[in-house]
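Listed below are the residues making up each chain.
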Amino acid sequence: MLLSTVCQIIRNQNNRESLTGLLRQIDDWELFSDLIIKNGIAPYLLQIVRQNNLENLIPNNNIDLFDKAYRQTMVRNMLLSDMFYSVISIFNKHSIIAIPLKGISLIDTLYCNNIGLRHMSDIDVLLHPRDLENAGNILKASGFKEYVIRKTDEIDHEKHACYTKNGILIELHQKIDDYFDPYSITTDRIMKDAKPDAKGILRLSDEDMLIHVSIHFYFHVLFGKYSFSGFIDVYNLLQNKSL
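Worth saying up front: this structure is predicted, and the values here are computed from it rather than measured.

A. How the structure looks around unusual backbone geometry. Phi is positive for Asn53, which is not a glycine, with a value near 55 degrees. Relative to the helices and strands, Asn53 is located in the loop between α4 (42–51) and α5 (60–93). Phi is positive for Asn166, which is not a glycine, with a value near 55 degrees. Since its relative accessible area comes to 67%, Asn166 is described here as exposed.

Listed below in structure tokens is the structure:
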């Protein structure tokens, strides 16, 4: 029930009347707050509520919890963003092409007006397969340590590598669909269609970002790990008029 309510709130974020009805249906704010905070979407839902002037429908202590989650997300994202630009600078010096994926790219595009809206747990970067080993060596020379993810049946670990520094994890991917490969999307084609932004950072095309985020979202659903952040990303990308 709560999962359905969250999804409906996101879909009706610009419909104040529908939002009012949905918020009034919530009878266990403690459980609801726990759900959205644990899933990293409290800041986004708080923005929806405030944009529609519906804070009066939420208990004050829950608003305080959502505000705290927003501040924590903002600080964490600032640290991740600083680390990302530092890594990109290192790769540029070694002529390694790197493209940000998922959250670290979306906070500069979809959520560019508010860095605290979109929760991130790590940094995902796309590299050409030929550069993966060299990039790893460069990161290790820059103080990163290799991080070995626990093996599961869900992920092909040979297709990406992980490194960590100062509590921040960076994942180097060879493909935008390296959790599984149903579409044979080549990294050469992806990089050919990528375009630099005003800061010189290569960005996936809108279409490729939608494909990438959708595949990642489907992967989570397939293995019973529903991603609210993924749902929000897909929804907002589909609202993007440039697609």
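B. Spatial organisation of the sheet that holds strand β5 (residues 168–173). If you walk across this open sheet you meet the five strands as β1-β2-β5-β4-β3, and the pairing is mixed. Two strands close off the open sheet at either side, each with one partner strand: β1 (98–101) and β3 (145–147). Each adjacent strand pair in this sheet contributes to an overall mean axis angle of 35 degrees, direction not counted. Two elements, β1 and strand β2 (residues 123–127), share four bridges in a ladder whose sense is antiparallel. Each bridged residue has a counterpart across the sheet, and for Ile99 the counterpart in β2 is Leu126. Those strands touched by α5 are β1, β2, β4 (160–165) and β5, and its axis lies near 45 degrees from that of β5. Contacts from helix α7 (residues 132–141) reach β2, β3, β4 and β5 within the one sheet, and its direction differs from that of β5 by about 160 degrees.

C. Expanded view of the pattern of salt bridges. According to the stated counting rule, one finds ten salt bridges in the structure shown. One salt bridge in this structure joins Asp34 and Lys38, with 3.3 Å as the shortest N-O distance. One end of the pair is Asp34 and the other is Lys38, both in helix α3 (residues 29–38) and four residues apart, which spans about a single turn. Taking relative accessible area as the criterion, Asp34 reaches 36% and is therefore assigned partly exposed. With relative accessibility at 65%, the residue Lys38 sits in the exposed group. Between Glu55 and Arg50 there is a salt bridge; the shortest N-O distance is 3.0 Å.

D. Examining the layout of surface pockets more closely. Empty space within the second largest pocket amounts to approximately 260 Å³. What lines the second largest pocket is a set of 15 residues, among which Tyr44, Gln47, Leu110, Tyr111 and Leu117 lie closest to the centre. Within the lining of the second largest pocket, the residues separate by chemical class into six nonpolar, nine polar and no charged.

E. Quick look at the environment of His220. Mapped onto the elements, His220 comes out in helix α9 (residues 206–222). Spatially, the C-alpha atom of His220 lies 8.7 Å from that of Gly230, the residues being ten residues apart in sequence. Discounting chain neighbours no more than four positions away, the residues touching His220 are Lys225, Tyr226 and Ser227.

F. Examining the packing of aromatic side chains more closely. The final tally for this structure, using the stated rule, is four aromatic pairs. With a centroid separation of 5.3 Å and an interplanar angle of 80 degrees, the aromatic rings of Trp29 and Phe32 are classed as edge-to-face. On the criterion of helical spacing, the pair formed by Trp29 and Phe32 is a turn pair, its members being three residues apart in helix α3. Each member of the pair, Trp29 as well as Phe32, is classed as buried. Geometrically, the ring pair formed by Phe84 and Tyr85 is edge-to-face, given 5.1 Å between the ring centres and 70 degrees between the ring planes. Note on Tyr85: relative accessible area 23%, which makes it partly exposed.

Conventions we followed
Residues numbered from 1 in each chain as written. Predicted model: local features only at pLDDT ≥ 70, side-chain atom pairs only at ≥ 80, totals over all residues. Heavy atoms only, no water. Helix = DSSP H or I, 4+ residues; strand = E, 2+ residues; numbered from the N terminus. Buried < 20%, exposed > 50% of the residue type's maximum accessible area, 1.4 Å probe, protein only. Pairing = 2+ DSSP bridges. Axes fitted to C-alpha atoms, helices over the stretch in contact; angles between N-to-C directions. Contact = heavy atoms within 4.5 Å. Salt bridge = Lys/Arg side-chain N within 4 Å of Asp/Glu carboxyl O. 1 Å grid on protein atoms, 1.4 Å probe; cavity = no way out; pocket = protein on both sides within 12 Å on 5 of 7 lines; lining within 4 Å. Points joined across faces, edges and corners; volume = space filled by probe spheres on them. Nonpolar A, V, L, I, M, F, W, Y, C, P; charged D, E, K, R; others polar. Phe/Tyr/Trp six-rings, centres within 6.5 Å; stacked < 30°, edge-to-face > 60°.

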